[in-house]
Amino acid sequence: MTGKSSSQFGTLQNLTGDQIRNRFLTFFADRDHKLLPSASLVPEDPTVLLTIAGMLPFKPVFLGHMARPAARATSSQKCIRTNDIENVGITKRHHTFFEMLGNFSFGDYFKKEAIQWAWELSTNTFGLDPKNLVVSVFREDEETEIIWRDVVKVNPKRIIRMDEADNFWASGPTGPCGPCSEMYYDFNPELGDEGIDLEDDNRFIEFYNLVFMQYNRDSEGKLTPLAKCNIDTGMGLERMAQILQGVPNNYETDLIFPLLDKAASLAKIKYHHENEKTKTSLKVIADHTRAVIHLISDGVIPSNIGRGYVLRRLVRRIIRHGRLIGISEPFLNQIGESAIQLMRTAFPELLVRRDLIMQELQREETRFLETLERGEKLLADLIACDPPGISGEKAFELYDTFGFPLELTEEIAQENRLTVDRKGFQKAMEAQRRRAKASSVTIDLTLQNELDRMAAELEATKFEGFSLLTLVSTVQALVVDGRSTDSAKKGDVVDVVLDQTSFYGEGGGQVGDQGVLVGTKCDIENFLVSVKGVTRNKDLFVHSGRVERGTIKVGDLIEAKVDRVYRRRAQAHHTATHLLQSALKNVVDEGISQAGSLVNFDRLRFDFYSPHGLTTQEIKQVEDLVNQWIAEAHILKVEDMTLSAAKSAGAVAMFGEKYSDIVRVVNVPGVSMELCGGTHVANTSELGIFKIIDESGIASGIRRIEAVAGPAVLDFLNERDCVVKKLGERFKAQPKEIVDRVVALQLELKEKGKELDIVLEKLALTKISSLKNDVVVCGDFQLLVSRLDGIQGAGFQNTAQELLVQLGQHTAVVLGGVPDSTNPQKVIFAVAFGSLIISTGLKAGKFVGSIAQICGGGGGGRDHFAQAGGRDPQALDEALSFAFEELKRSLS
């Protein structure tokens, strides 16, 4: 296998991206590696925003917080990084979305096997010529160098020692770490072996990284060998495709080029005929499209925070670059469909969630196009708040948050005789890059706090709460004020860890139980802890509460008593949630899937993917169906089974959730079957009644239903009854008469509103007639510059436009005023120019900005009509005088 001459190795394989992926996974599966699917881009680790590396899903395994899925594993993990987003499309290999092929050993094989297999895979399976390969090793890792040189027989001149910055992997200041070894492909081996510089991106490309996790680093920097060493490797699929397909960059591989070609066709251009700037835009569109379809598929929705912000930014960059290359019509659905079809074999879930992806892309594109169209108004508000120029921070906020191009900001600012601080913009851009890089690249494997430390040291808490609500247990650990302690006294807020518990720990959307921990000693000083919530830290159940009596100590025997009333409320709402999801699938759409849930003591909340809200009739049908199942008194069946068996039986799993090989299945026969670790009633009749109290949209494509069941229904009805009684007293009406009384009041108010509109219209007409008396003739033109107070918003604009209509196209109308006497700090302007005025070179958008500046504001608009605001009413008359003189000078 090793040590063969170059003529004995396979021929360089021209493989498709799918073939490369399959051959990698098959290679390691044949060597007893468990084949694992890609994890979601939304990681379980709360310290990381997105899945940024192939090893991230295995972080708990490397830390010892979770049992290893197998001794050996292999996967193709989808990843997203945005720390170098500005380099996407510019360099040959930067991407936001990429696939990381990996093989992992959890305390099984180590360096020798990992290195030999990496060489065999590269040279035999993929046919890379050893003459084209270079390996790097950590400068102090003699063992690895010996394996490469003496076992694999790599040319010693092609083994390059590197410093810690390049070839020593660390999770953070402390924690697991170790040297790494990287494989590089040499595009120009004829340049020889002397003076090899692996930083030369034109000659070398790193395609395989082997991390040897063999040390633990403490707070003083001391390295201690791990009892069991681990292997973490990563091969970039896109990079290997570039090598094997013989193309100049990752973008021209079959993994991405079809999307470049599609974007080019939408712009009616040819990729290979275009300049570098246009090619960059095409590459950005293709790269970002791959990222956004997977983010949406994994449940991310566009927003201005967190993962949603990443998605929104990527979508808007696609649209912006599309417009830069001449795509003027909406196109996200077309390029998105091409991406789904291109990647459907490797990621079949894209086809399952295709409709949702298309809906989100269309909505976000429509929003952004509206943002571009609203740009002048957004900038008008910004200019009014930030004279005499636009700061770099504000310009960057427009660019980064709203996707508003800097160039367009500068153009509109120039029309208003303002400048934009470009240096400040670049400074803000650089600051964001640094923040993104610092937060996106490092995966922190260090223990976070005292409870994390305990989770690594203590045995898992045994949960007996499905069958017992009271049991005797032993106190394993206590935490007060964030620190481990041996005891806690009366008044202390404390976290208690037990060896076993009857308390349900918050998880799966269900809140933790409440109750008490009582000492088992029979004396008056026996301690009592009131438990207000239970959470989980890894496999520990953490009981949070207050010591109400006595002193609790580590090692004490206690009686853990769950509050039965609260438990019954929670389990009623959890079972009702399962029934609700089944009812939605029956009534609305079989494809409806859960986006999140909350099972509380007083109500349930169920979030689900749907492009539209429920009609009143659908809500009633769902509610009636759930109540029918309650009345039918179905007995629930709960059992543990293998994940594959559960799925084969038709059990519903939450999309993106990770499950162990053995899962708990909650079955309401003939109604619902779900994977669930929560607490439930024994019979649906225990719910009594189910009532939907609200249905609303919480994000684009996501709806939320809030409902009550069981004992909580009485609370809800009592609250509603109280409201009805108060309304009846206020309207002096019986409950059945309240709706009619409110409708009558609405009709009366509407009539009064019409009467007021008529009065305002008459007032405006009266003012128009009087304003026409202020017209001044200036040669062939007419000027009307006047103050008009007490007219707001649309009425003010309509007055200016109506004056222009009545006076003719040779007229310039400029109105300024204080619209509301209760807010004397606000000034508004409206400028309307006829076509003959515009032909002289005057433009309303530019003109209104110049006069608004005098009142401490700004604005803009079109050539024929524009509006602006200001904050200094004292300068209003001066501004109008300036407007008159400027018009007279320009038109004379």
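This write-up is about the structure you can find in this document. If you're wondering where the values come from, they're calculated on a predicted model, not measured in any experiment. (Residues numbered from 1 in each chain as written. Predicted model: local features only at pLDDT ≥ 70, side-chain atom pairs only at ≥ 80, totals over all residues. Heavy atoms only, no water.)

### Considering the overall build of the chain
Phase 1: Of the regular secondary structure elements, the chain holds 26 helices and 33 strands.
Phase 2: With respect to the principal axes defined by its C-alpha atoms, the chain has extents near 100 × 85 × 50 Å.
Phase 3: Counting across all 892 residues of the chain, residues that qualify as buried make up 51%.
Phase 4: At a minimum sequence separation of 6, the contacts of the chain that also span at least 24 residues come to 69%.
Phase 5: With an accessible surface of roughly 41100 Å², the chain has 49% of that area assigned to carbon and sulfur atoms.
Phase 6: Counting 105 positive and 122 negative side-chain charges, the chain places the averaged centre of each group 1 Å from the other. (Helix = DSSP H or I, 4+ residues; strand = E, 2+ residues; numbered from the N terminus. Buried < 20%, exposed > 50% of the residue type's maximum accessible area, 1.4 Å probe, protein only. Contact = heavy atoms within 4.5 Å. Areas by Shrake-Rupley, 256 points an atom, 1.4 Å probe, with all protein chains shown as cover. Lys, Arg positive; Asp, Glu negative; His and termini not counted. Charge placed at Lys NZ, Arg CZ, Asp CG, Glu CD.)

### Section: the sheet that holds strand S25 (residues 672-675)
Phase 1: Taking strand neighbours across the sheet as the criterion, the three strands line up as S23-S24-S25 in an open arrangement whose pairing is antiparallel. A strand with exactly one partner marks an edge of an open sheet, and here the two such strands are strand S23 (637-642) and S25. The average angle at which neighbouring strand axes cross in this sheet is 25 degrees, direction not considered.
Phase 2: Where strand S24 (residues 662-668) and S25 come together, four bridges link them in antiparallel fashion. (Pairing = 2+ DSSP bridges. Axes fitted to C-alpha atoms, helices over the stretch in contact; angles between N-to-C directions.)

### Thoughts on the nonpolar core
Soluble globular proteins tend to pack their nonpolar side chains together in the buried interior.
Phase 1: Ranked by internal contacts, the top residues of the largest apolar core, which has 91 residues, are Phe-126, Trp-148, Phe-207 and Tyr-208.
Phase 2: Sorting elements by how many residues they give to this core places helix H8 (residues 276-297) first, with nine residues.
Phase 3: Grouped together as the second largest cluster of nonpolar side chains are 29 residues, Ala-812, Val-814, Ala-844 and Phe-847 included. (Core = buried A, V, L, I, M, F, W, Y, C linked by side-chain atoms within 4.5 Å.)

### Let's talk about the packing of aromatic side chains
Phase 1: Using the criterion set out here, one finds 20 aromatic pairs in the structure.
Phase 2: Ring geometry for Phe-28 against Trp-117: centres 6.4 Å apart, planes inclined by 85 degrees, an arrangement best described as edge-to-face. Of the two residues, Phe-28 is situated in helix H1 (residues 17-29) and Trp-117 in helix H3 (residues 111-125); the sequence distance between them amounts to 89 residues.
Phase 3: Here the aromatic rings of Trp-119 and Trp-148 are separated by 6.2 Å at their centres, their planes lie at 70 degrees, and the arrangement is edge-to-face. One end of the pair, Trp-119, is in helix H3; the other, Trp-148, is in helix H4 (residues 142-151), and 29 residues separate them in sequence. Exposure class is identical for Trp-119 and Trp-148. Each is buried.
Phase 4: An aromatic cluster is present here, built from Phe-24, Phe-27, Phe-28, Tyr-109, Trp-117 and Tyr-208 joined pairwise through their rings.
Phase 5: Taking the ring centre of Tyr-504 as reference, the NZ or CZ of Arg-536 above it sits at 4.9 Å. (Phe/Tyr/Trp six-rings, centres within 6.5 Å; stacked < 30°, edge-to-face > 60°. Lys NZ or Arg CZ within 6 Å of the ring centre and 35° of its normal.)

### Considering unusual backbone geometry
A negative phi holds for most residues other than glycine; trans holds for most peptide bonds.
Phase 1: Notably, Lys-153 is not glycine yet its phi reads approximately 70 degrees, a positive angle.
Phase 2: With respect to the secondary-structure elements, Lys-153 resides in the loop between H4 and strand S5 (159-162).
Phase 3: We classify Lys-153 as exposed; its relative accessible area is 53%.

### Some words on the pattern of salt bridges
Phase 1: Here the structure, examined in full by the defined rule, presents 40 salt bridges.
Phase 2: Measuring nitrogen to oxygen at the nearest pair gives 3.0 Å for the salt bridge that ties Arg-31 to Glu-120. Taken together, the residues span a long stretch of sequence, with Arg-31 in the loop between H1 and strand S1 (34-36) and Glu-120 in helix H3 at a distance of 89 residues.
Phase 3: Its relative accessible area of 13% is what places Glu-120 among the buried residues.
Phase 4: Here Glu-238 and Arg-290 are joined by a salt bridge, their closest N and O atoms 2.9 Å apart. Residue Glu-238 is located in helix H6 (residues 237-245), and its partner Arg-290 is located in helix H8; the two are separated by 52 residues in the primary sequence.
Phase 5: Salt bridges linked by common partners bring Arg-158, Asp-186, Asp-193 and Arg-203 together as one network. (Salt bridge = Lys/Arg side-chain N within 4 Å of Asp/Glu carboxyl O.)

### Focus on a negative patch on the surface
Phase 1: There is a patch of like negative charges on the surface, built from Asp-166, Asp-197, Glu-199, Asp-200 and Asp-201.
Phase 2: Tracing the chain through its elements places Asp-201 in the loop between strand S7 (175-186) and strand S8 (204-217). (Patch = residues over 30% accessible without salt bridge, like charges linked within 9 Å, V, L, I, M, F, W, Y side chains within 5 Å.)

### Quick notes on the side chain of Arg-312
Phase 1: Residue placement: Arg-312 occurs in helix H9 (residues 306-324).
Phase 2: Arg-312 gets classed as buried once you look at its relative accessible area, which sits at 11%.

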